[in-house]
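Secondary and tertiary structure notes
Here's the letter readout for the chains.
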Amino acid sequence: MLQSVLKWVPRLLASSLLLVATSSSAQRLTSFVDPLIGTGGHGHVFLGANVPFGAVQLGPQNIFKGWDWCSGYHYSDSLLTGFSHTHLSGTGGADLGDVLIMPYTGEIKTDKGQQKAPHQGYLSRFSHQREVARPGYYAVTLDDYGIRAELTSTERVGFHRYTFPAGGRKPAHVIIDLKEGIDDQATETYLEQVDPQTFVGYRFSKGWANAQRVYFAIKVSAPVPKFALYEEAQLLAGKAGKGKATKGVFTFDKAPANLLLKVGLSPVSTQNALANIAQEIPGWDFSKVQQAADQKWNQELAKLTIETKDATARRIFYTSMYHALFAPALFNDVNGDYRGSDGKVYPKAPFTNYTTFSLWDTYRTEHSLFTLVQPERVGGMMQSMLAIHQQQGKLPIWHLMANETNTMVGYSAVPALAEAYLKGTPGLDGNQVLAAMKTSSTRDDQGVNYLKTMGFIPADKESESVAKAMEYAIDDWSIAQVALKLGRQDDYKTYTERAQYYKKYYDPHTRFMRGLTSDGKFQLPFDPIQSIHRQNNYTEGNAWQYTWLVPHDVPGLIKLFGSDAAFTEKLDSLFVIKGDLGSSASPDISGLIGMYAHGNEPSHATVYLYSYAGQQWKTAEKVRQVLHEMYKDKPDGISGNEDCGQMSAWYILSALGFYPVSPSSGAYVLGSPIIDKATIQLPKGKRFVIEARNNGPQNPYIQSVILNGKPYTNSFLLHRDIVAGGTLQLTMGPQPNKAFGAAAAARPREVYK
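From a predicted model like this one, the values you see are computed outputs, not experimental measurements.

With respect to the packing of helix α14 (residues 554-561) against helix α15 (residues 564-574)
To describe two helices that pack against each other, one gives the angle between their axes and the distance between the axes. Across the interface, α14 lies against α15 with an axial gap of 7 Å and an inter-helix angle of 95°. Here α14 is positioned roughly perpendicular relative to α15, judged by the angle of their axes. Taking contact as the criterion, the partners of Val 554, Leu 557, Ile 558 and Phe 561 in α14 are, on α15, Asp 564, Ala 566, Phe 567 and Lys 570.

This is the structure we're talking about:
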């Protein structure tokens, strides 16, 4: 316990010193990032060395012990099996962990060992007291061997530096274990020694990504005197080996003081992996590469800077920015080559190709954040989605390493694409965008066939019927907006009608969204609290949580309730109702305030819905509560899975004071900023500044708003006003100004018509 307390003392002292600094600009922004936030609890956050949107995520790996080890590492653990080069951050599925490398000393061991018998393998104990994590850098001491391991990276190359104990008498080894992943199965592995300092190979595996291919090349700083190949524990002859569990071991009779390894990855070939190394890390200066990684992070963090007297909020904010820029991840080589969803190699692509599209999560906030702080990357992300559509016949659902996992409901690439197109992302052909959207929305899988023929999805024919229908309505509304901009009136009418299908699930007697059976009647029995994971009418949720999932037509949802008062009364109840979700409920239903579940994405817009009923002040109350209760600056600091940056993106925009309830609408709903001042650096030297005057924990309510020097009475902000540059001034106070945003004309509405 004492060690745990002492661990946080340096951070507390650092925070105190920051408070007396003249301004945060004097600090490198990476100094405010704590990569350990979210590595405990259910955060599932990646820990290690990477650069923004990098293809390489090089980090430590524990023995996989279930759901909370989806990223390969959990703060509660004390054993490391090595350092692998690909990871997911914050997902509910475990995959990757490719090209595991571990230095060790003593006798040769080719198995990692077991949790209960660690000394039987090459794994090692470690302590958080001898662990350092910063953006672009990770270091740890392997306690069983006295080896200091340091990691840094570029976009496509991981860089290792191992410092062996001085005067060590035991032989030193480095194992490359291609059998090991996080929770997948290697199907074919290959490793070859090209020369004394060069090794190449690949790892094909089956897991969440059904047919994953990773090619790699390794450059070693010193000639390897002894190299042995194994299939599992069986010694192989020669300098190349292929099987399902290929392993290679470097052996040094006398350990070098320092040993460095450069590991390049490629989705295409070992030759490209070597070219990636030659381009990105031609030399052996570890510190130089580490400093470059730090600079890359500072450059991206500086696109959205804040001023606050609250050191904790500052740390959570910049860590959230850091986490939000992990994915999507680059999925091409320095020459532009990438492997498509059809297994074919596409050489020298004219756009930057990406993978790791967790779209059911990220369409809600993260892609909106990218349009503000990463507009130059949005085009590549969207072109990647369009290419996936061409290769697999539909837009991505949850795409990973050229594989469609089909995880989660909806065709959630649609709102992300629509938002990017409607906000003017260069290089997007509207007709191509609309055609791809229509293809995904007219397939016959995942209940869409019933939607087309019956106008609803019957609960007795299709699981998760309500969740699917609600997401499809959001998606179809987005398609309608793109069609409208293109002047395609028939498509606009069709998809506008489909976007209203959500109303069929509303039961006016219970005032919940409920499943319908094939005869059009509400399904019985009905329990609004019970949740059965991926089997009943809702996806990772219940009726209390899904009834509000109408971000594209909140005024229409209010009409279903009958009045603003009836709507807000029911919404008030959401945050106080208690009940047993049942033993089969998803663990994703977390971060509960009543039945509101901040730990899961379908709830993320719900606190902002009060504004549509003229009660912006209630939105302010709930936003502040969530910001303070669901985000902490500690390992168990995120209330649910990070989900590739979505949880962090919610914090970032909400901390600034606005949120994209309906991302394709062009509007952001005002909430309650906890940051005193924020500056968004826009293209062409423009800036948008948000100032919260008289701000503080006791002043959560917006009293008045001034936009560019003029009084502003709307409870929403327009995207076009933000990207034009300017200043938004919010005056805060301790009591609600119930008149703010109350008038019908001042309430949030779409702006692209």
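What to know about the packing of helix α9 (residues 430-441) against helix α11 (residues 465-486)
Remark: α9 packs on α11, axes separated minimally by 10 Å, with the N-to-C direction vectors making an angle of 150°. Considering the angle they form, α9 stands roughly antiparallel to α11. Note on packing geometry: the crossing formed by α9 with α11 is left-handed. Of the residues in α11, those in contact with Gly 430, Asn 431, Val 433, Leu 434, Met 437 and Ser 441 of α9 are Asp 476, Ile 479, Val 482, Ala 483 and Leu 486. Here the residues of the contact of α9 with α11 are counted per class, giving 7 nonpolar, 3 polar and 1 charged.

Side note on the packing of aromatic side chains
Enumeration according to the criterion identifies 40 aromatic pairs in this entry. Aromatic side chains Phe 227 and Phe 250 sit 5.9 Å apart centroid to centroid with 55° between the ring planes, which places their arrangement in the tilted category. Here Phe 227, found in strand β14 (residues 226-231), pairs with Phe 250, found in strand β17 (residues 246-252); they are 23 residues apart in sequence, far enough to count as distant. For Phe 227, a relative accessible area of 18% translates into the label buried. Look at Phe 250 and you get buried, because its relative accessible area is 0%. Put simply, the rings of Tyr 608, Tyr 631, Trp 650, Tyr 651 and Tyr 659 pair up and form one aromatic cluster. The ring centre of Phe 526 lies 4.4 Å from the NZ or CZ of Arg 514, which sits over that ring. It is Lys 570 that lies over the ring of Trp 544; its NZ or CZ is 4.6 Å from the centre.

Regarding the sheet that holds strand β37 (residues 716-718)
The strands making up a sheet are joined through hydrogen bonds of the backbone, oriented either antiparallel or parallel. Taken in spatial order, the 3 strands of this open sheet run β31-β32-β37, and their pairing is antiparallel. For this open sheet the edge positions go to β31 (658-659) and β37, each flanked by a neighbour on one side alone. Where strand β32 (residues 667-670) and β37 come together, 3 bridges link them in antiparallel fashion. Of the residues in β37, the one forming a bridge with Tyr 668 is Leu 717.

What about α9?
Relative to the 16 Å expected for 12 residues at 1.5 Å per residue, α9 spans 16 Å between its end C-alpha atoms, a close match to the ideal helical length. Three or more residues of α9 are buried, namely Gly 430, Val 433, Leu 434, Ala 436, Met 437, Ser 440 and Ser 441. Along the axis of α9, the buried positions cluster into a sector of 160°, meaning they face one direction only. In the core, the buried residues of α9 are packed alongside α7 (375-392), α8 (413-422), α10 (448-454), α11 and α12 (489-499). The opening residue of α9 is Asp 429, an N-cap whose side-chain oxygen sits 2.9 Å from the backbone nitrogen of Asn 431.

Overview of the confidence of the model for the protein chain
The pLDDT averaged across the protein chain works out to 95; a share of 96% of its residues lies at or above 70. Low pLDDT, under 50, characterises residues 1-25; the stretch is placed with 24 contacts to residues that sit more than four places away or in other chains.

Observations regarding α8
Where burial is concerned, most of α8 is hidden: 10 out of the 10 residues are buried. Count one or two residues on from α8 and you reach Gly 424, which has phi positive near 85°.

A short note on the pattern of salt bridges
Counted by the stated rule, this structure contains 32 salt bridges. The closest approach of N and O atoms between Lys 179 and Glu 232, which form a salt bridge, is 2.9 Å. Residue Lys 179 is located in the loop between β10 (172-177) and β11 (185-195), and its partner Glu 232 is located in the loop between β14 and β15 (234-236); the two are separated by 53 residues in the primary sequence. Here Lys 423 and Glu 419 are joined by a salt bridge, their closest N and O atoms 2.6 Å apart. Comparing Lys 423 with Glu 419 shows no difference in burial state: the two are buried. A single salt-bridge network, built from bridges that share partners, covers Asp 177, Lys 179, Glu 232 and Lys 247.

Describing the environment of Leu 274
Mapped onto the elements, Leu 274 comes out in helix α2 (residues 270-280). Look at Leu 274 and you get partly exposed, because its relative accessible area is 28%. Separated by 58 residues in sequence, Leu 274 and Phe 216 place their C-alpha atoms 7.7 Å apart. Look past the residues within four positions of Leu 274 in its chain and what remains in contact with it is Thr 198, Val 200, Ala 217 and Lys 219.

Here we look at the pairing of strand β33 (residues 677-681)
Where a strand is regular, its side chains alternate between the two sheet faces. For strand β19 (residues 304-307) and β33, the ladder comprises 4 bridges, and the chain directions are antiparallel. Residue pairing in the sheet places Thr 305 in a bridge with Thr 679 of β33. Relative to strand β34 (residues 687-693), β33 is paired through 5 bridges, and the arrangement is antiparallel. Residue pairing across strands places Lys 677 opposite Glu 691, the latter belonging to β34. Between the antiparallel neighbours β33 and β34 lie 5 residues, among them Lys 684 with a positive phi of about 60°.

With respect to the sheet that holds strand β26 (residues 403-404)
Within the open sheet, the 3 strands sit side by side as β24-β25-β26. Their pairing is antiparallel. Looking at strand neighbours, the two that pair on one side only are β24 (357-358) and β26, the edges of this open sheet. Examined bridge by bridge, strand β25 (residues 398-400) and β26 share 2 bridges and lie antiparallel to one another. Each bridged residue has a counterpart across the sheet, and for Leu 400 the counterpart in β26 is Asn 403.

Definitions and limits used
- Residues numbered from 1 in each chain as written.
- Predicted model: local features only at pLDDT ≥ 70, side-chain atom pairs only at ≥ 80, totals over all residues.
- Heavy atoms only, no water.
- Axes fitted to C-alpha atoms, helices over the stretch in contact; angles between N-to-C directions.
- Helix = DSSP H or I, 4+ residues; strand = E, 2+ residues; numbered from the N terminus.
- Parallel < 35°, antiparallel > 145°, perpendicular 65-115°, else oblique.
- Contact = heavy atoms within 4.5 Å.
- Left-handed = near helix turned anticlockwise from the far one by under 90°.
- Nonpolar A, V, L, I, M, F, W, Y, C, P; charged D, E, K, R; others polar.
- Phe/Tyr/Trp six-rings, centres within 6.5 Å; stacked < 30°, edge-to-face > 60°.
- Buried < 20%, exposed > 50% of the residue type's maximum accessible area, 1.4 Å probe, protein only.
- Lys NZ or Arg CZ within 6 Å of the ring centre and 35° of its normal.
- Pairing = 2+ DSSP bridges.
- Expected span 1.5 Å × (residues − 1).
- Arc of directions from axis to C-beta.
- Polar contact = N/O pair within 3.5 Å; in protein donor to acceptor, adjacent residues only side chain to side chain.
- pLDDT = per-residue confidence, 0-100.
- Salt bridge = Lys/Arg side-chain N within 4 Å of Asp/Glu carboxyl O.

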